[in-house]
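# Structural characterization, general
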Amino acid sequence: MTQDESSNVRRKAAVALGRAFAQVPDKTMAWQDLHRLTQDKDSFVRMLAAEALGEAFAQVPDRPSAWQDLQRLTQDDDSFVRSQAAGVLGEAFAQVPDRPSAWQDLHRLTQDDDSFVRMLAAEALGRAFIHVPDRPSAWQDLQRLTQDDDSYVRMLAAGALGRAFVHVPDKTMAWKDLHRLTQDEDSFVRMHAYHSLGRAAISKATEAKDNDTLKDELMDAVAYFEKSSQESEYNPARFCLPFYRTYYTITFQGGEEDEIQRYLIEAKEAVGGSKSRDELLKAVESLAQALQESQRLKGRSLEEIASELNTYRWYCDKAASHMEAAEKGAPGAVKLLRKGSPIIEENIQDTIAEIQKKARQICEITRGSGTVYEAPGNELQKAAMALSLNSLSSISKNSSRVVWQLKKFCKLLPEEDKKQFCEILEEIEHEPEFPEKLDRIVTALLCLSPVFEDKSPSLADVVILTVLPEEYGSIRDRLSEPSPPPDMGDVPNRYAWKFGKTFCKNLNADYKIAVGMIGRAGTTEGALAAGEAVRLWRPKYVLVSGIAGGLPDPKEIDSRPRLGDVVVADIIYGYEYGKLEREFKPRANWTYRTDQALFNSAMAYASSGGWRGLIKAEPPGECTPQVVRGEIASGDQVVDDPTNDFFAQALEMWPKINAVEMEGAGAAAAIEPAKSSGISASFMMIRGISDLPRAQGKNKGREERDAWKAYASDVAAAFVMGWIADGLPRPPSA
């Protein structure tokens, strides 16, 4: 559809691509399609492609190229394209790779000859103001736009001034400008000016030094919102006004339960028949819960009131902008041709998820370390896990709890490790904007993680993953000093983890080994087990040991592998990932090379031949096991017949495949992200051949596998444990 001859089809495709970008499985191809659409000969296609670029920007795999496209669109000959690009620039400003250039583009757009472009540039300036590198110049642009000849430009400049108020360098002048705009001849300009004064008063309330000032600022905010609501039926204040009025009554006048009921009635009337009715009603219920919480916790401190008010301010502003953009009759909503912001922005959800992920990682790193960091690491995770967008009060309280726990680390860390981290905490304390505060918490956690990774040794040098009981037992029974795993906290021992040691004579030291049994076959199960192993035990190496089907070349008489042979994985192909056209075509996107140092070490050990003396099991038939380099197919299907149409396509694409199994691709995929988390776990897979899939060999394959799996499991285990005892590329932990 993105290449259809009809421009109408391409327009629809551009819109669909933007909305679906986050869910598409192949973002590289989706990005190529979007990149092409931004250069379409049809200006309306380019305009819609610009909008799609804004929706997809955060997830585009090639952000520098996306940024070049956006810059080009801001200079398009068509004013509608430039206006849409201006709006996108405001939304994506925080993520662009070159903010100084982005600021120059935005500065230029605020002076565009077309009033529609200036209008969207004014709104973008409000969104981007906090990130602009030259705020004095941005402030001058914003002041100029409030005096523009076009009333729509003045209207959105008034709104932008309210959004940027906290960050403008001259708040006194900004306050005067907003009061001047309340006298504008255009009622929509007056409406937005009053609304921005209300927003500014709420910001001032959150910075109040005493209860009386906070009370006065909140009362002024309510008055400004009421004046805004009198200017037009469709005004941005109508959603938040009932909340702030009720919050003021409950906090400072001792309002009872019926106040909250009145709020619910008034707020639901404000929502009315909005296109976003269901979503907005959820927001109303969330704010009602916040009011109930405020009513229940009477006697709160000034700091607590200011903190929760700051959270509610952000939430109300998002809900209000969403409702305003969704209304058909809202001034400028149709003309703006823009998609309304969702009430709870996806990036805020992602930020909270990232905080929880990083806090969990720190907890896992410090748990069992026996250091002073263990207890605060556990408390940090609890505070982070309590963060929830389902409860506004929890965001305010638990983000403060997270910061409080981080401060404990600031006191405990040695001087050489804490300077940057403690500076970030200081910035968090002075950050007025709620979303930015969460972003800075993520930054602090990112700064903290490497410090603990350096101080916390691996709990296991080597993790060995198995699937079948025979595979698991063959490894477990070769461990010396077997024991239960270290403290796992609240994590259940779902993989039957066992710990033990293997002595390496060449290094005169013990490797600490953890063996786990996945229990269920499949790439997903392999990924889950490997991911948990890395998080819990922070190993140097993750190995998969067990059985596989052998695929010797049928054209060669002496081809390997044979039954009982050992395959050392070099390349693993996730063959079930591909493209469905008239027929399924495998793709190479899910292909993994095992660690080269491990591969070379394993093959060097294999050449000694001494590992065969470690085999305990008896083969069910004649067998002199050999070690073979492996290109291994990995998928969720048991392959008993390699001539099957589906699997035959994998063999056609990768003709050197000589084994097939079910967990390797998933496990390898899970190891990759560990490196970005600072855990440098290397991956290898060793498989013993238990069956030889062949044409029309379904029942034959099962019978053969049942007969050989115990021996193949033992052969793989003998090789793995003998290899570890001989010495891996890195020595054991001290």
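Details of the structure are given in the entry above.
Please read all numbers here as calculations on a predicted model, not as lab measurements.

Each value, and the rule that gives it
Residues numbered from 1 in each chain as written. Predicted model: local features only at pLDDT ≥ 70, side-chain atom pairs only at ≥ 80, totals over all residues. Heavy atoms only, no water. Helix = DSSP H or I, 4+ residues; strand = E, 2+ residues; numbered from the N terminus. Buried < 20%, exposed > 50% of the residue type's maximum accessible area, 1.4 Å probe, protein only. Contact = heavy atoms within 4.5 Å. Areas by Shrake-Rupley, 256 points an atom, 1.4 Å probe, with all protein chains shown as cover. Salt bridge = Lys/Arg side-chain N within 4 Å of Asp/Glu carboxyl O. Expected span 1.5 Å × (residues − 1). Polar contact = N/O pair within 3.5 Å; in protein donor to acceptor, adjacent residues only side chain to side chain. Core = buried A, V, L, I, M, F, W, Y, C linked by side-chain atoms within 4.5 Å.

### A look at the overall build of the protein chain
Helix and strand content of the protein chain: 28 helices and twelve strands. Put simply, the protein chain has 734 residues, and 57% of those count as buried. The long-range share in the protein chain, meaning contacts at least 24 apart out of those at least 6 apart in sequence, stands at 73%. For the protein chain, the accessible area works out to roughly 31400 Å², and carbon and sulfur atoms hold 48% of it.

### Some thoughts on the pattern of salt bridges
One pass over the structure, following the stated rule, counts 31 salt bridges. Across the pair Arg478 and Asp714 runs a salt bridge, and its minimum N-O distance is 3.0 Å. Taken as a pair, Arg478 in the loop between α23 (469-476) and β2 (480-483) and Asp714 in helix α28 (residues 698-726) lie far apart in primary sequence, 236 residues in all. Of the two residues, Arg478 and Asp714, neither departs from the other in class, the shared state being buried. Here Glu532 makes a salt bridge to Arg494, at a shortest N to O gap of 2.4 Å. With Glu532 in helix α24 (residues 523-537) and Arg494 in the loop between β2 and β3 (498-504), this pair connects stretches of sequence that are 38 residues apart. Exposure remark for Arg494: the relative accessible area of 49% places this residue in the partly exposed category. Residues joined in a network through salt bridges with shared partners are Asp570, Arg593, Arg629 and Glu631.

### Structural notes on helix α5 (residues 79-92)
Structural remark: α-helix, 3.6 residues per turn; residues separated by three or four positions point the same way. Helix length check: α5 (14 residues) gives 20 Å between terminal C-alpha atoms against 20 Å at 1.5 Å per residue, within 8%. Those residues of α5 not exposed but buried are Ser79, Val81, Arg82, Ser83, Gln84, Ala85, Ala86, Gly87, Val88, Leu89, Gly90 and Ala92. At its buried positions, α5 is contacted by α3 (43-56), α4 (63-73), α6 (99-109) and α7 (115-128). One side-chain oxygen of the residue at the start of α5 lies 2.8 Å from the amide nitrogen of Phe80, identifying that residue as Asp78.

### Here's the deal with the nonpolar core
Core analysis: the largest hydrophobic core is formed by 89 residues, its most contacted members being Leu34, Leu53, Leu89, Leu106, Leu142 and Tyr244. In terms of residue count, α7 provides more of this core than any other element does, nine residues in total. Not counting residues within four places of it along the chain, the set of residues in contact with Leu106 comprises Leu89, Ala121, Ala124, Leu125 and Ala128. With 71 residues, the next largest nonpolar core counts Leu479, Trp537, Trp708 and Trp723 among its residues.

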